[in-house]
Amino acid sequence: MRLTINGTEREVPEVSTLAGLLEVLGVHRMVVVERNGRILRREAFAAEAVAEGDQLEIVHMVGGGRE
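Below is a short write-up of the structure. All values reported here derive from a predicted model rather than from experimental measurement.

Let us now look at the nonpolar core. With 16 residues, the main nonpolar core has Leu3, Leu18, Leu21, Leu22, Val31, Val33 and Phe45 as its most contacted residues. Counting residues per element, this core draws most heavily on helix 1 (residues 18-25), which supplies three residues.

A word on the sheet that holds strand 5 (residues 55-60). The strand order across the open sheet formed by five strands is 2-1-5-3-4, and the pairing between neighbours is mixed. Among the strands making up the open sheet, the edge pair consists of strand 2 (8-11) and strand 4 (38-39). As paired strands, strand 1 (residues 2-5) and strand 2 are joined by four bridges and run antiparallel to one another. Each bridged residue has a counterpart across the sheet, and for Ile5 the counterpart in strand 2 is Thr8.

Once that is clear, we can look at the side chain of Arg35. Looking at where Arg35 falls in the secondary structure, it is placed in strand 3 (residues 31-35). Owing to a relative accessible area of 16%, Arg35 belongs among the buried residues under this scheme. Looking at Arg35, its side chain comes within polar contact range of the side chain of Glu48, at 2.7 Å. Not counting the four nearest positions on each side in its chain, Arg35 is found in contact with Leu40, Glu48, Ala49, Val50, Ala51, Asp54, Gln55 and Leu56.

Evaluated as defined, the whole model comprises six salt bridges. A salt bridge links Glu48 to Arg35, with the nearest nitrogen and oxygen atoms 2.7 Å apart. Of the two residues, Glu48 sits in the loop between strand 4 and strand 5 while Arg35 sits in strand 3, which places them 13 residues apart along the sequence. The partner of Arg41 in a salt bridge is Glu43, with the nearest N and O atoms 3.3 Å apart.

The next subject is the side chain of Thr17. Tracing the sequence through the fold places Thr17 in the loop between strand 2 and helix 1. Within the structure, Thr17 has its side chain in polar contact with the backbone nitrogen of Gly20 (distance 3.1 Å). Dropping the residues within four chain positions of it, Thr17 is found in contact with Phe45, Ala46, Glu48, Ala49 and Val50.

Thresholds, definitions, all that
- Residues numbered from 1 in each chain as written.
- Predicted model: local features only at pLDDT ≥ 70, side-chain atom pairs only at ≥ 80, totals over all residues.
- Heavy atoms only, no water.
- Core = buried A, V, L, I, M, F, W, Y, C linked by side-chain atoms within 4.5 Å.
- Buried < 20%, exposed > 50% of the residue type's maximum accessible area, 1.4 Å probe, protein only.
- Helix = DSSP H or I, 4+ residues; strand = E, 2+ residues; numbered from the N terminus.
- Pairing = 2+ DSSP bridges.
- Polar contact = N/O pair within 3.5 Å; in protein donor to acceptor, adjacent residues only side chain to side chain.
- Contact = heavy atoms within 4.5 Å.
- Salt bridge = Lys/Arg side-chain N within 4 Å of Asp/Glu carboxyl O.

Now the structure itself:
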């Protein structure tokens, strides 16, 4: 399956949902995902279908602050 992830076209194993894709990619931390220009709710990851040619932006949360 060919997807564009964070601006890079990639070949990934066939998956049916966004949750499955994140598992295949080894993404286990808090992320925000945009699929084809639409930001998705985390609760929807398990039901959100992934299709050939989708464009995804996956953003990891980074903590920080003052010392």
